[in-house]
Amino acid sequence: MLEIKKQIALKIIESVAGFNPDAAQNMVLADVCNALEYPPDPNMGDLAFPCFKLSRILRSSPVQIAQNILSRFSCVYVEKAENVNGYLNLFLSLSALAPKVGEILEKGDEYGRPRIGEGKTVVLDYSSPNVAKPFHIGHLGTTVIGHSIKMIHEFAGYKCVGINYLGDWGTQFGKLILAYRMWGSREQVEQGGIDELVSLYVRINLAIEEEKKAAADAGQEVDPVNSLAAKARMEFHKMEQGDAENLSIWKWFIQISLKEYEKTYRQLGITFESYEGESSVTDKMPAQVQKLRDLNLLKLDQGASIVDLSEYNMPPFLILKSDGSTLYATRDIAAAVYRKEKYHFDKSIYVTSAQQSQHFAQLFKVLELMGYEWYNELVHVPYGTVSLEGAKLATRTGNVVLLRDLFAAAIDKVKAVMKEKNTELENEDEVAEAVGVGAVVFYYLSNNRIKDIDFVMEEALSFDGNTGPYVQYTYARCCSVLRKVPEIKPQMYRITEPEEKDLVMVLLKFEEKVRQALNDYEPSVIARYILDVATAFNRFYHNCQILSTEDEKVKLSRLSLVSATRTVLGSAFGLICLKKTEKI
Ligand code: ARG
């Protein structure tokens, strides 16, 4: 549609030149393109050009301007134009639209790509779970929004580096090592995997809490050397000093955790270019802390070192604790600098829950104060919280719902439906996984990312609603029609029915939607677009005969439209972690 808009915009400017050459000289093609709207009602045309803004420059009424343009306007794409209340309403010509279907087929996977990222590199930090802690539904957002934003950038030609910045450093590892030594065993952890690590972690935290409470009840402080808390700190301290035994246990814990995450990533079809977590930047922190000190940015505050940000209405950024140990913030400074040096990014994106918005605002400000000119290439993409309808899903760790369990529950439900419907597919398990996981992902991504959402499994899995199963089923329907015919050859395209035209119009909007999703870091634009395509396709499918059409030319033309729909849906699925299901 962008090409059509451009041709129309050129003709509008040409028409203006016919009655006011000076004004036409100053009209910018891109602005005129952007001003072209999609009217809410088909009676108002397929596109409309509002003349209100021109009114000031041309010193006449919008209605008069529309009339002046109209009397000079002609464009191959436009069959009819009308002047209604200062709008130039444009009705597109079916014979000019129809060949666009051929263009989609010709371009295939390339169709809809905005070529705006070529030669540019984007680094994306997403998913980034904390090792040995549960991978719960709170991580759904960063994982699927992050990956979608990556795929959208890749589609636009950017070179993308996906970084899974694992939370693999910090005092929690001291606790975990201590717990393992007291209560764990190698066999148990090998067998129980991440669940075993999580339960050790939960147990040590409880014990530390109890110890604290007991001391408080007795009116004392916890023992500074022999308490569990002190011993845990000691274990982490040993790690920081390079203690070989602790480091090897720590590495093993990471491997155990990764094995579990990999399963979830595989189900989602997600891969990362880098797994460099927080631990990878520990040796890069001293230089940055020194730089802060040299720049006089560090201030002592009750023994801790902070960057005072009160001037910018933000709380202080905590760089070193009073015992000199580093923090999440310190590591993020070092990581940002390291990534710039390593990848020379044009943009560096962080996807986390909105709870960390303050942290990133502080981080970016501190990097600016440190004189890093690229601070404005850093982008934080926040998202809202997820809750689960009631607490219907069982959890093993008490109060959180694991992503793994959520996916498993969805897959089970899909399997039950498939059994009921007696679908008999060779790859039933694969399809059930694609549809079950797809349902969760699609439900989540069809909302604006910043919105808090309540997850309702029943709704997500419905085949009739605006759901993942519905759009995946639509894709399978396209495939099923196309399986029945030999390859479609290029031919004359024609549009005869309104449903065909509506479908073509929707397919032609793909690139605009990709651009919008890219600009706003908003995968929901793609999810909702997929729904528009599915709805338009199903109307066409129900109202227009395809395979049973007598007229061979009409039949071929409709088959091309099915094929173009499959192409666009397939590309769009790839942008939001939805698997393409050829048969359901
Ligand atoms: N591991 C962190 C968490 O789970 C998220 C890390 C986000 N990325 C970053 N560079 N801070 O909360």
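Placed above this text is the structure.
A brief report on the enclosed structure follows. Residues take numbers from 1 onward in each chain, read along the sequence in its written order. Confidence filtering applies because this is a predicted model: local features only for residues at pLDDT of at least 70, side-chain atom pairs given and counted only at 80 or more, and all residues used for totals across whole chains, interfaces and linings. Heavy atoms throughout the structure, all of them, feed into the side-chain values; hydrogens and water do not.

Moving on: the packing of helix H12 (residues 244-268) against helix H16 (residues 403-421). Think of each axis as a best-fit line through the C-alpha atoms, taken over the contacting stretch in the case of a helix, with angles from 0 to 180 degrees between the N-to-C directions. Strands here are runs of E lasting at least two residues and helices are runs of H or I lasting at least four, both read from the DSSP assignment and numbered beginning at the N terminus. The geometry of H12 relative to H16 is characterised by a closest axis approach of 10 Å and an angle of 45 degrees between their N-to-C directions. For the element pair H12 / H16, the angle class is oblique. Judged by the sense of rotation from one axis to the other, the crossing of H12 with H16 is left-handed. Facing H12, whose interface residues are Glu-260, Thr-264, Gln-267 and Leu-268, H16 presents Leu-403, Arg-404, Phe-407 and Ile-411. Looking at the contact of H12 with H16 residue by residue, the class counts come to four nonpolar, two polar and two charged. Oblique is the label for any angle not under 35 degrees, not over 145, and not in the 65 to 115 range, which are roughly parallel, roughly antiparallel and roughly perpendicular in turn. In a left-handed crossing the near helix is turned counterclockwise from the far helix by less than a right angle, and in a right-handed crossing that turn is clockwise. Whether two residues are in contact is decided by their heavy atoms, any of which lying within 4.5 Å being enough. Any residue that is not Ala, Val, Leu, Ile, Met, Phe, Trp, Tyr, Cys, Pro, Asp, Glu, Lys or Arg is counted as polar, Gly included; the first ten are nonpolar and the last four charged.

A separate point is the nonpolar core. Nonpolar cores are built from buried Ala, Val, Leu, Ile, Met, Phe, Trp, Tyr and Cys residues. Side-chain atoms within 4.5 Å join them into one set. The buried label applies to any residue whose accessible area, calculated with a 1.4 Å probe on protein chains only, is under 20% of its type's maximum; exposed applies above 50%, and partly exposed to all values in between. Ile-8, Ile-69 and Leu-92 are the most contacted members of the largest nonpolar core, which has 165 residues in total. Ignoring sequence-local partners within four residues, the contact set of Ile-69 consists of Ile-12, Ser-15, Val-16, Phe-19, Phe-49, Cys-51, Leu-54 and Leu-88. With 35 residues, the next largest nonpolar core counts Leu-298, Ile-333, Tyr-343 and Trp-374 among its residues.

Lining the immediate surroundings of the ligand are Asp-125, Ser-128, Asn-130, Tyr-165, Tyr-328, Asp-332, Tyr-350, Thr-352, Gln-356 and Phe-360. Between a nitrogen atom of the ligand and a main-chain N or O atom of Ser-128, the distance comes to 2.9 Å. Contacts described as polar in this section are N or O atom pairs within 3.5 Å, which, within protein, must combine one atom able to donate a hydrogen with one able to accept it, while residues neighboring in sequence count only if both atoms come from side chains. Between the ligand and Asp-332 there is a distance of 2.8 Å, counted from a nitrogen atom to a side-chain nitrogen or oxygen. For the area figures, the Shrake-Rupley method with a 1.4 Å probe applies, and any residue is considered shielded solely by the protein chains shown. Here the ligand, which alone exposes 350 Å², has 87% of that area covered by the protein. At the level of elements, helix H14 (328-343) and strand E9 (347-353) are the ones that each hand at least two residues to the shell around the ligand. Residue composition of the shell around the ligand, grouped by class: four nonpolar, four polar and two charged. Any residue with a non-hydrogen atom lying within 4 Å of a molecule or strand is treated as near it.

Here the focus is the side chain of Ser-563. Structurally, Ser-563 can be placed in helix H23 (residues 552-575). Owing to a relative accessible area of 11%, Ser-563 belongs among the buried residues under this scheme. If we skip the residues at most four places from it in the chain, Ser-563 touches Leu-105, Leu-482 and Ile-488.

A few words now on the sheet that holds strand E4 (residues 121-125). Note: strands within a sheet are paired through backbone hydrogen bonds, in either parallel or antiparallel orientation. In this scheme, strands are said to pair when DSSP sees at least two bridges between them. In space, the four strands of this open sheet follow the order E5-E4-E9-E10, with parallel pairing throughout. The strands lining the two open edges of the sheet, one partner per strand, are strand E5 (159-163) and strand E10 (378-383). Taking each pair of neighbouring strands and ignoring which way they run, the sheet shows an average axis angle of 20 degrees. Of the strand pairs in this sheet, E9 and E10 are connected by six bridges, and their pairing is parallel. The residue bridging Ile-349 from the neighbouring strand is Val-379, located in E10.

Moving on to the pattern of salt bridges. Any carboxyl oxygen of Asp or Glu within 4 Å of a side-chain nitrogen of Lys or Arg constitutes a salt bridge here. Counted according to the given criterion, the structure contains 29 salt bridges. Here Glu-110 makes a salt bridge to Arg-113, at a shortest N to O gap of 3.2 Å. The residue Lys-212 makes a salt bridge to Glu-209 at a minimum N-O spacing of 4.0 Å. Of the two residues, Lys-212 and Glu-209 both sit in helix H10 (residues 186-217), three residues apart, roughly one turn of that helix. Judged by relative accessible area, Lys-212 falls into the partly exposed class, the value being 47%. Residue class for Glu-209 comes out partly exposed when judged on its relative accessible area of 45%. Linked through salt bridges whose partners overlap, the residues forming this network are Asp-195, Glu-260, Lys-263, Arg-404 and Asp-405.

The subject of this paragraph is the pairing of strand E7 (residues 304-307). Neither face of E7 is exposed, since Ala-304 and Ile-306 on one face and Ser-305 and Val-307 on the opposite face are all buried. In this structure, strand E6 (residues 298-301) lies alongside E7, joined through four bridges in antiparallel fashion. Each residue of the ladder has a partner; that of Leu-300, found in E7, is Ser-305. Taking the residues that link successive antiparallel strands as the turn, the E6-E7 hairpin has two residues, and the phi of Gln-302 there is positive, at about 50 degrees. Pairing of E7 with strand E8 (residues 317-320) involves three bridges; the strand directions are antiparallel. Each residue of the ladder has a partner; that of Val-307, found in E8, is Phe-317.

Before going further, it helps to examine the pairing of E5. Within E5, four of the five residues are buried, which leaves the element mostly enclosed by the surrounding structure. Where E4 meets E5, five bridges bridge the pair, whose relative direction is parallel. Residue pairing in the sheet places Asp-125 in a bridge with Ile-163 of E5. Handedness of a crossover is defined as follows: orient the strands so they point away from the viewer, and if the path from the first strand over the helix to the second runs clockwise, the crossover is right-handed. Taking the sense of rotation as the criterion, the β-α-β connection linking E4, helix H8 (residues 138-155) and E5 turns out right-handed.

As a further point, take the side chain of Ser-148. Residue placement: Ser-148 occurs in helix H8. We classify Ser-148 as buried; its relative accessible area is 0%. Within polar-contact distance, the side chain of Ser-148 engages the backbone oxygen of Val-144 at 2.7 Å. Residues in contact with Ser-148, not counting those within four places in the same chain, are Leu-445, Pro-523, Leu-575, Ile-576 and Cys-577.

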